[in-house]
Amino acid sequence: MFEVFLRSFNEKVPLTPEEETFLKQYLTPKKLRKKQYLLQEGDVCKHICLVEKGALKAYLVDDKGDEQITAFALEGWTIADLSSFFKQTPATLNIDALEDCELILISRPAHDELLERFPKYGNYIRMLITDAYVALQQRVVNTLHLSVDERYIAFQQMCESIFQRVPQHMIASFMGLSPETLSRVRSRLSGKK
Amino acid sequence: MNTKQTIAIIGANGSMGSAISRNLAKGNNRLLLFANDKEKAEALAADIKNSNAASEVEALDCPANASWEADLIILAVPYAAEKEIAGTIREVANQKIVISISNPLNASFDALVTDPGTSAAEELQLLLPHSKVVKAFNTTFASDFTTPVIAGQQADAFVAGNDDEAVATVSDLVTTAGFNPIAAGKLPVSRTLEQMQLLLIQLGLKNNYNWLAGWKILHH
């Protein structure tokens, strides 16, 4: 139930068995079925979510009602509307399950108390948010500086597992492309092989 | 709130469990019903769906799985069954709101079996140390759920718990169920709430309230 999260935590910040027990009391285990919402736009994001099993996506809905995917999360990854979580303002993102999921949730009160009482949690969160910031910066740089074909290759190399589990139209949405454009990119690249 | 809340109701086949299920199905809730007799839980789920096609309700065959999937858990079981259920759901109920509805009555309904210095809710909190136990729905009879307005007055329903956010969440459920929620205080207030229901039961038996009675605070 907590294995993937604790493994991810231990890789960043090693814990003693006693510390694992202490940390576990603050975690909320939660199952979510495919297509169910973890968060809907307009609600305050109450949890940081860590994926034990399954896959989720975060997305905006545009004026036409189309989904614009901003993030995916697979096993061992984290997903939330961080702006809403930290500022306690209504979420702009929706988060739902692409597959049946087993999740670990950390509520805002649990997060605040852990930061105060357990310095190793602070170290873990700092590393998590640093990684997320670096990935975000890389995504912005790639969007501004790489061609569409290069961006596709870079994304595929970085997140091969997503390509195996997520339909192409969602990859297109995440890259800000139409499915037709993505299809042309794939044809071009497969022609080069 | 837009995001649907998933509620596990353990003991959904009892009179209180089924009454709570029927009323909470009217709100923005997804219900997971568990009963020892799964056929009864399935029949209740089908009945709720029949009367309210938009409701999301389903019978599950394992209380731990229902509680794992839930955001909030209602233990609609007798006091004597709480200990065993608590052991089953302890890990998956971590950090979640667990509502205690029970009144620890003796067999002749004329006294509580708990020590005066504690309550069923506080005992449950000791069994689920990392859950947010909230006392609610213990001062309302099952038949009140179909008639929450009695003699022209909406019955009050008292809510007690140590976590203010959890008390507010449960108060919203009390409103959905049709009652007027009153945040009564921290969890030890459950001692009073459980005694109040003992008194109401005794008065009901004496004066033939026919199990349709409730508490109302009158104020200006």
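As the structure is a computational prediction, the values presented were derived from the model and not from experiment.

*Asks:* Just checking my understanding: could you explain the overall build of chain A for this structure?
*Replies:* Helix and strand content of chain A: nine helices and eight strands. Whereas a compact globule of 193 residues would reach a radius of gyration of roughly 16 Å, chain A reaches 18 Å, a difference of no more than 12%. Principal-axis analysis of the C-alpha atoms places the extent of chain A at approximately 55 × 35 × 30 Å. Across the 193 residues in chain A, those meeting the buried criterion constitute 31%. By sequence separation, contacts in chain A at least 24 residues apart represent 71% of the contacts at least 6 residues apart.

*Asks:* What exactly am I supposed to notice about the confidence of the model for chain B here?
*Replies:* Keep in mind that low pLDDT regions are not for reading the predicted coordinates in detail. Residues and elements named next belong to chain B. The predicted model of chain B averages 94 in pLDDT, with 100% of residues at 70 or higher. The secondary-structure element of chain B with the lowest mean pLDDT is strand β7 (residues 149–150), recorded at 88, while strand β6 (residues 132–135) shows the highest, at 98. What the predictor reports for the complex is a pTM of 0.91 with an ipTM of 0.89.

*Asks:* Would you mind showing me how to read the nonpolar core here?
*Replies:* Inside soluble globular proteins, nonpolar side chains tend to come together where they are buried. Counting residues in each nonpolar core, the largest one holds 65 residues, and the members touching the most others are Ile9(B), Ile10(B), Leu33(B), Phe34(B) and Ile74(B). For this core, the leading source of residues is helix α6 (residues 164–176) of chain B, giving five residues. Core analysis: the second largest hydrophobic core is formed by 43 residues, Cys49(A), Ala55(A), Leu103(A) and Ile106(A) among them.

*Asks:* Would you explain the sheet that holds strand β3 (residues 47–53) of chain A in this entry?
*Replies:* Pairing between the strands of a sheet comes from backbone hydrogen bonds, and it takes one of two forms, parallel or antiparallel. Residue and element names in this part refer to chain A. Read across the sheet, four strands follow the order β1-β8-β3-β6 without closing on themselves; strand pairing throughout is antiparallel. Since the sheet does not close on itself, it has two edges, and those belong to β1 (28–32) and β6 (78–79), each with one partner. Examined bridge by bridge, β3 and β6 share two bridges and lie antiparallel to one another. In the sheet register, Leu50 faces β6, and the bridge partner there is Thr78.

*Asks:* Please explain the interface of chain A and chain B as it appears in this structure.
*Replies:* Interfaces are frequently sized by the accessible area removed from exposure as the parts join. Chain A puts 14 residues into the contact, and the matching count from chain B is twelve residues. Breaking the side of chain A that touches chain B down by element, the ones donating at least two residues are β1 and β2 (37–39) of chain A. Top element by residues in the side of chain A that touches chain B is β1(A). It accounts for three residues.

*Asks:* Mind showing me how you'd approach the environment of Glu52(A) here?
*Replies:* Residue and element names in this part refer to chain A. Among the structural elements, Glu52 can be located in strand β3. The class for Glu52 is buried, based on 21 C-beta atoms found within 10 Å. Setting aside residues up to four positions removed in sequence, Glu52 forms contacts with Met1, Val4, Phe5, Glu75, Glu102, Leu103 and Ile104.

*Asks:* Would you take a moment to explain the sheet that holds β6(B) for this structure?
*Replies:* Residues and elements named next belong to chain B. The eight strands lie next to each other as β3-β2-β1-β4-β5-β6-β9-β10, forming an open sheet whose pairing is mixed. The open sheet has two edge strands, β3 (56–59) and β10 (180–185), and neither has a second partner. Within the sheet, the average angular offset between the axes of one strand and its neighbour, ignoring direction, is 25 degrees. As paired strands, strand β1 (residues 5–10) and strand β4 (residues 72–75) are joined by four bridges and run parallel to one another. Residue pairing for β4: Ala8 is matched across the bridge by Ile73.

*Asks:* Got a minute to help me understand the pairing of strand β9 (residues 156–161) of chain B in this structure?
*Replies:* A regular strand places its side chains on the two faces of the sheet in alternate fashion. All names here are of chain B. For β9, the tally of buried residues reaches six of six residues, placing the bulk of the element in the interior. Judged by which residues are buried, β9 turns out to be covered on both faces: Asp156, Phe158 and Ala160 on one side and Ala157, Val159 and Gly161 on the other are all buried. Both β6 and β9 contribute to a ladder of two bridges, which runs antiparallel. Across the sheet, the residue bridging to Lys135 is Ala160, located in β9. As defined by bridge partners, β9 adjoins β10 across five bridges and the pair is classed as parallel. Bridge pairing links Phe158 to Ile182 in β10. Read as a crossover between parallel neighbours, the route from β9 over α6 to β10 is right-handed.

*Asks:* Even after reading the chapter, I still don't get the packing of helix α4 (residues 79–89) of chain B against helix α5 (residues 120–127) of chain B, so can you show me in this structure?
*Replies:* For any two helices packed against each other, the geometry is given by the interaxial angle and the distance between the axes. All names here are of chain B. Viewed as axis vectors pointing N to C, α4 and α5 meet at an angle of 15 degrees, and their least axial separation amounts to 10 Å. Judged on the interaxial angle alone, α5 and α4 are roughly parallel. In this structure, α4 crosses over α5, and the sense of that crossing is right-handed. On α5, the residues touching Tyr79, Glu82, Lys83 and Ala86 of α4 are Ala120, Leu124 and Leu127. Residue composition of the contact of α4 with α5, by class: five nonpolar, no polar and two charged.

*Asks:* Which parts of the structure should I look at to understand unusual backbone geometry?
*Replies:* Trans is the prevailing form of peptide bonds, just as negative phi is the prevailing case for residues other than glycine. Residues and elements named next belong to chain B. One non-glycine residue, Gln95, lies in positive phi territory at about 70 degrees. Along the chain, Gln95 turns up in the loop between α4 and β5 (97–100). Of the residues examined, Gln95 has 20 C-beta atoms within 10 Å and is grouped as buried. You will see that Asn210, though not glycine, has its phi angle at about 60 degrees, which is positive. Residue placement: Asn210 occurs in the segment after α7 (190–207). In this structure Asn210 comes out as exposed when scored by C-beta crowding, with 9 C-beta atoms within 10 Å.

Cut-off values and rules
Residues numbered from 1 in each chain as written. Chains lettered and ligands numbered in written order. Predicted model: local features only at pLDDT ≥ 70, side-chain atom pairs only at ≥ 80, totals over all residues. Helix = DSSP H or I, 4+ residues; strand = E, 2+ residues; numbered from the N terminus. Rg over C-alpha atoms; globule rule 2.2 N^0.38 Å. Buried ≥ 20, exposed ≤ 12 C-beta atoms within 10 Å, placed from the backbone. Contact = placed C-beta atoms within 7 Å. pLDDT = per-residue confidence, 0-100. Core = buried A, V, L, I, M, F, W, Y, C linked by C-beta atoms within 7 Å. Pairing = 2+ DSSP bridges. Axes fitted to C-alpha atoms, helices over the stretch in contact; angles between N-to-C directions. Right-handed = clockwise from strand over helix to strand, strands pointing away. Parallel < 35°, antiparallel > 145°, perpendicular 65-115°, else oblique. Left-handed = near helix turned anticlockwise from the far one by under 90°. Nonpolar A, V, L, I, M, F, W, Y, C, P; charged D, E, K, R; others polar.

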